[in-house]
Structures are given as structure tokens and as C-alpha cells.
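What follows is the residue order along each chain.
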Amino acid sequence: VVPAQYSGMLIPLSRCLQALAERRERAGCAEEEEEPDAVDSQEQARLPTPQALLARLLVVAAAPHESGERAVAALQLLQALHGRIHRALGVVWATEIPLLLQYLEGKCGKGPGQGQGNTRFLSCSPQFLRASLEPIEDKAWTVGLSQELSQQLGSSAPASWEKLFLYKALGTALAACQDLWHVQGQVLRFLQETNPVELSEAQGMIFVVSHTAKSHFHLVLDTVTMFTAAFTR
């Protein structure tokens, strides 16, 4: 998400952005009705899309770190930016994120649990993402999220924790997606392009297929059957 030499800035930067977002919200969010010139200036600045913000901050929260402070800061920033990511997230994150923070901060204090905060979030992140996507009924938005996760997969290092995390996140996003043509196309693409000799790629493909099947079992089964039939001809 960021070059290694700048990773030490993630926690203070996240807290600064959180403070700015909260101050803007307290000011009444007058910027929500933006003029065309303001929108053009944002496009020229190439600001990340809402889906990119969500994907990148989830990666930051899940990244291995000596403490859970980074995960806490990233989740607090996510909650502050919920209106920028999707309007449907406010209610679910008002419940989900404080519970996660309480859980993580309990593991980040002094004692035997210290240093386990990020690994704890890494293990529960698919459930968090699934709960976050449930209230979003916008097909185009979830398609955009899956496309963003696929793009980040392409730029992550082979066999890295980040790549395996993104495989799981992509499968979770596809499970929430109601554009069935898109879902089938993505699953088929991974089946066709995965090198089964590479263990990490095979494991990633399994993550995508299994997580997607939690909501689209028959679609995934039909897709796998179609791929197998074509492969064995």
C-alpha cells in the first residue's frame, strides 16, 4: 500500500486524517453538495475511489506489525470516512468497528496478548468485510470493489501475506456482489489463469472460489463444472 520506508508514518497520518474527517463532519458536511469545479479539481488530483480507500485501509489494518496500533488507527480512520466510502456503512460500522476496536485494544495492551492485534484482525477481517457489504445494495459499487481488489492483487508480491489477504477479500466481495455475470467471469478467470504448480496461487484460487461460494454456491459449482469439462477435453 505504501513504500516500506514510509510505513512508520501510517499511524500518525491515519490519526491526522481521522481528525480532519471528524472535524468536517462536525462542521455540517456542507461540502456534500459540491460544485462542478470542485469535482473537477478532485478528479485532477486523482483521489482514490471509495472502493480503493476501503481496500487499502483494510490492507493497512491487516499488515503484520509489532503491535495492533496500526490496525486500530486504520479502523478508526475507516469509521471517520464512512460517508466517503458508502452512505450505507454508517449504521453497520457504528456497531462493528467499536466492537473490533475493543477487541484489538484488549490484545494490544501490556501482557501476553501484546503484539497480536494485527494477526487478530487478519483472522476476522473476512467477517468484518462481509458484514460491511451486507447493507450495500449497489451492484456497480460491489463490482468496483472486486475490480479494485483484483488490481491490488496484480501489484502485490507473490506468496506474500498481502496477496493471500487480498484473495480472501476478493472472494468475500464477490460473495456480496449481485451481478452474477461478473461473479462468474471473475471465478472463471481465476480458474483459468491460476498456475496449479505454484502453491500460493493455488491456495489463493481456493480462497476466491470458497469465499464466493458462501453466497453463490450453485453458480460457483456450475462454473467449476464448466471449467473442468473444458479442461479435460
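Computed from a predicted model, the values in this text were never measured in an experiment.

A. Up close: the overall build of the protein. The number of helices and strands found in the protein is 12 helices and zero strands. A fraction of 70% describes how many contacts in the protein between residues 6 or more apart in sequence connect residues 24 or more apart. Accessible surface, the protein as shown: approximately 13100 Å² in total, 56% of it carbon and sulfur.

B. Seen up close, the packing of helix H3 (residues 50-62) against helix H9 (residues 161-176). Here H3 crosses H9 at 130°, and the two axes come no closer than 11 Å. Taken as axis vectors, H3 and H9 run oblique relative to one another. Considering how the two elements wind past one another, H3 and H9 form a crossing that is right-handed. In this structure, H3 uses Leu58, Val59 and Ala62 to contact H9, whose residues at the interface are Trp161, Glu162, Phe165 and Leu166. Grouping the constituent residues of the contact of H3 with H9 by class yields six nonpolar, no polar and one charged.

C. Quick look at the nonpolar core. Ranked by internal contacts, the top residues of the largest apolar core, which has 55 residues, are Leu54, Leu75, Leu78, Trp93, Phe121 and Phe128. With eight residues, the top contributor of residues to this core is H3. In contact with Trp93, not counting residues within four places along its chain, are Leu54, Leu78, Gln79, His82, Ile85, Pro98, Phe128 and Ser132.

D. Structural context of the environment of Gly83. Position of Gly83 among the secondary structure elements: in helix H5 (residues 82-85). Judged by its relative accessible area of 48%, Gly83 falls in the partly exposed class. Between the C-alpha atoms of Gly83 and Glu25, which are 58 residues apart in sequence, the distance is 9.3 Å.

E. Broad picture of the environment of Leu57. Tracing the chain through its elements places Leu57 in helix H3. With 21 residues separating them in the primary sequence, Leu57 and Leu78 have C-alpha atoms 7.1 Å apart. Beyond its immediate sequence surroundings of up to four residues, Leu57 is in contact with Ala74, Leu77, Leu78 and Leu81.

F. Up close: the confidence of the model for the protein. Per-residue confidence for the protein gives a mean pLDDT of 82; residues scoring 70 or more make up 76%. Note that pLDDT drops below 50 for residues 30-39; the model gives that stretch eight contacts with residues more than four away or on any other chain.

G. Here's a closer look at helix H12 (residues 217-231). Here H12 is 15 residues long and its end C-alpha atoms lie 21 Å apart, about the 21 Å a rise of 1.5 Å per residue gives. Listing the buried residues of H12 in full gives Leu219, Val220 and Thr223. Looking straight down H12, one finds its buried side chains confined to an arc of 95°; they lie on one side. In the core, the buried residues of H12 are packed alongside helix H10 (180-193) and helix H11 (199-213).

Calculation rules
Residues numbered from 1 in each chain as written. Predicted model: local features only at pLDDT ≥ 70, side-chain atom pairs only at ≥ 80, totals over all residues. Heavy atoms only, no water. Helix = DSSP H or I, 4+ residues; strand = E, 2+ residues; numbered from the N terminus. Contact = heavy atoms within 4.5 Å. Areas by Shrake-Rupley, 256 points an atom, 1.4 Å probe, with all protein chains shown as cover. Axes fitted to C-alpha atoms, helices over the stretch in contact; angles between N-to-C directions. Parallel < 35°, antiparallel > 145°, perpendicular 65-115°, else oblique. Left-handed = near helix turned anticlockwise from the far one by under 90°. Nonpolar A, V, L, I, M, F, W, Y, C, P; charged D, E, K, R; others polar. Core = buried A, V, L, I, M, F, W, Y, C linked by side-chain atoms within 4.5 Å. Buried < 20%, exposed > 50% of the residue type's maximum accessible area, 1.4 Å probe, protein only. pLDDT = per-residue confidence, 0-100. Expected span 1.5 Å × (residues − 1). Arc of directions from axis to C-beta.

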